[in-house]
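Residue strings, one per chain:
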Amino acid sequence: MKFDGRVCIRVGPRRGFATAEEERRLTEKRRWGALPFDQHGALGASIDDLNLLTFREEILPSMVAPEVLEENHRQQDDQMRALRLLTPNGTPTNGAVLLLGKDPRQWLPGAYIQFVRFSGMQLTDPIRDQKEVSGTLASQIRQIEEIIGAHIAVALDPTAARSTPSPDYPIVALRELVRNALIHRNYEGTAAPVRLHWYDDRIEILSPGGPYGMVTIETFGQPGATDYRNPMIAEAAKSMGFVHRFGSGIARAREALKTNGNPAPQFIVQPAHILAIVRPKA
């Protein structure tokens, strides 16, 4: 209930006024059944702000079957509307800006990854490497996975008859967790990036935005607990091969860590963010 410009809420036994974060979550819940944020028009954007070559050569072939494209003689604008990349009036959607934008951060300020490698176990320890990864969703995924691969340490046992590489972290697990963080994060009303902080004793992957829709703090990460804050972005990521099966990312990460001999991942789930913590194998 809203009174005098303030939102009154009741959470369990607590009654009071909603914080800014609680108001944001209530707004998200009211959007169920309405268009999600990734399908809203990006205010002030035009089709000139999109890379149409990427649309023709990467997005369209991945999202539409070849035989359909061959039979379909739609104009490019109509194809983009059908894929929810343009609104009915021709404005690029927020999803289009992230997937095709020449400069996604002009419209989505938090659409980047902050990577920092520390020499130590604290935020105040010396920085060994740092990078800011920007660009389209596909570009961010490819860049950060190349960076992760360069930082994984692989040990070999010289006494073994056949040496088997033994990485301190399985790249499959880190890949799944980072992709999840990028695809399912909250892009609305925040300039915060996805944050990947690599310490000597752990990796922390922080995704802005807490659990969404049917997923709650209590059910996060459980089998069958799935919902999509950015359904169009998630669909495009699956079509481009970045998602193997909806709802399987965390399970794949857990399995990869277990197989490699790492501890199970830890998830700290809060209303405003989700933090995944991964530790190296002993």
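Residues numbered from 1 in each chain as written. Predicted model: local features only at pLDDT ≥ 70, side-chain atom pairs only at ≥ 80, totals over all residues. Heavy atoms only, no water.

> Would you mind going over the overall build of the protein in detail, with residue names and values included?
For the protein, the count of helices and strands is 9 helices and 11 strands. Residue burial in the protein is summarised as follows: out of 282 residues, 43% are buried. Counted over contacts in the protein with a minimum sequence separation of 6, partners at least 24 positions apart contribute 62%. Split by element, the accessible area of the protein, about 15,000 Å² in all, is 53% carbon and sulfur. (Helix = DSSP H or I, 4+ residues; strand = E, 2+ residues; numbered from the N terminus. Buried < 20%, exposed > 50% of the residue type's maximum accessible area, 1.4 Å probe, protein only. Contact = heavy atoms within 4.5 Å. Areas by Shrake-Rupley, 256 points an atom, 1.4 Å probe, with all protein chains shown as cover.)

> Account for the nonpolar core, naming residues and giving values.
Formed by 61 residues in total, the largest nonpolar core has its most connected members in Leu85, Leu99, Leu137, Ile144, Leu196 and Trp198. Counting residues per element, this core draws most heavily on helix 7 (residues 171–184), which supplies 7 residues. Not counting chain neighbours up to four residues away, the residues in contact with Leu137 comprise Leu98, Leu99, Leu182, Ile183, Tyr187, Ile233 and Ala237. (Core = buried A, V, L, I, M, F, W, Y, C linked by side-chain atoms within 4.5 Å.)

> I'd love a proper account of unusual backbone geometry, names of residues and values included.
The backbone of Arg84 shows a phi angle near 65°, a positive value even though the residue is not glycine. Structurally, Arg84 is set in the loop between helix 4 (76–82) and helix 5 (94–100).

> Explain the pairing of strand 11 (residues 273–278) to me, and be specific about the residues and the numbers.
Every regular strand shows the same layout, with side chains that alternate between the two sheet faces. Most of strand 11 is tucked away: 5 of the 6 residues are buried. Pairing geometry for strand 9 (residues 203–208) and strand 11, over 6 bridges, is antiparallel. Bridging from a neighbouring strand, Leu206 pairs with Leu275 of strand 11. Pairing between strand 10 (residues 266–269) and strand 11: 4 bridges, direction antiparallel. Among the inter-strand pairings, Phe267 is bridged to a residue of strand 11, identified as Ala276. Between the antiparallel neighbours strand 10 and strand 11 lie 3 residues. (Pairing = 2+ DSSP bridges.)

> How would you sum up the environment of Arg254? Please name residues and give values.
Within the secondary structure layout, Arg254 lies in helix 9 (residues 249–260). Between the C-alpha atom of Arg254 and that of Pro265, which follows or precedes it by 11 residues, the distance is 6.6 Å.

> Explain the pattern of salt bridges residue by residue, including any values.
By the definition in use, this model includes 12 salt bridges. Residues Asp78 and Arg81 are paired through a salt bridge, measuring 3.5 Å at the closest nitrogen-oxygen approach. Of this pair, Asp78 and Arg81 both sit in helix 4, 3 residues apart, which is roughly one turn of the helix. By relative accessible area, Asp78 is classed as partly exposed at 37%. Arg128 is paired through a salt bridge with Asp200; the nearest N and O atoms lie 3.7 Å apart. Taken together, the positions of Arg128 in strand 5 (residues 127–133) and Asp200 in the loop between strand 8 (194–198) and strand 9 put the pair 72 residues apart, joining distant regions of the chain. (Salt bridge = Lys/Arg side-chain N within 4 Å of Asp/Glu carboxyl O.)

> Explain the packing of aromatic side chains to me, using residue names and the numbers behind them.
Throughout the structure, instances matching the rule amount to 4 aromatic pairs. With centroids separated by 6.5 Å and ring planes inclined at 70°, the aromatic side chains of Phe115 and Trp198 adopt a geometry described as edge-to-face. With Phe115 in strand 4 (residues 113–118) and Trp198 in strand 8, the pair connects residues that are 83 residues apart, well separated along the chain. A relative accessible area of 1% places Trp198 in the buried class. Between Tyr169 and Trp198 the ring centres are 5.5 Å apart and the planes differ by 80°, which places this aromatic pair in the edge-to-face class. Of this pair, Tyr169 sits in the loop between strand 7 (166–167) and helix 7 while Trp198 sits in strand 8; the two residues are 29 residues apart in sequence, bridging distant segments of the chain. The residues Tyr169 and Trp198 share a single accessibility class, namely buried. Feature note: the residues Phe115, Tyr169 and Trp198 constitute an aromatic cluster, connected by ring pairs. The ring of Tyr112 has Arg105 lying over it, and the distance from NZ or CZ to the ring centre is 3.8 Å. Directly above the ring of Tyr187 sits Arg185, whose terminal nitrogen or CZ lies 4.4 Å from the centroid. (Phe/Tyr/Trp six-rings, centres within 6.5 Å; stacked < 30°, edge-to-face > 60°. Lys NZ or Arg CZ within 6 Å of the ring centre and 35° of its normal.)

> Mind laying out the sheet that holds strand 5, listing which residues take part and the relevant values?
The 6 strands are arranged 5-4-8-9-11-10 in an open sheet whose pairing can be described as mixed. Unpaired on one side and paired on the other, strand 5 and strand 10 mark the two borders of the sheet. Between one strand and the next, the sheet's axes are offset by a mean angle of 10°, whatever the strand orientation. Sheet strands in contact with helix 7 are strand 4, strand 8, strand 9, strand 10 and strand 11, and its direction is about 20° off that of strand 9. (Axes fitted to C-alpha atoms, helices over the stretch in contact; angles between N-to-C directions.)

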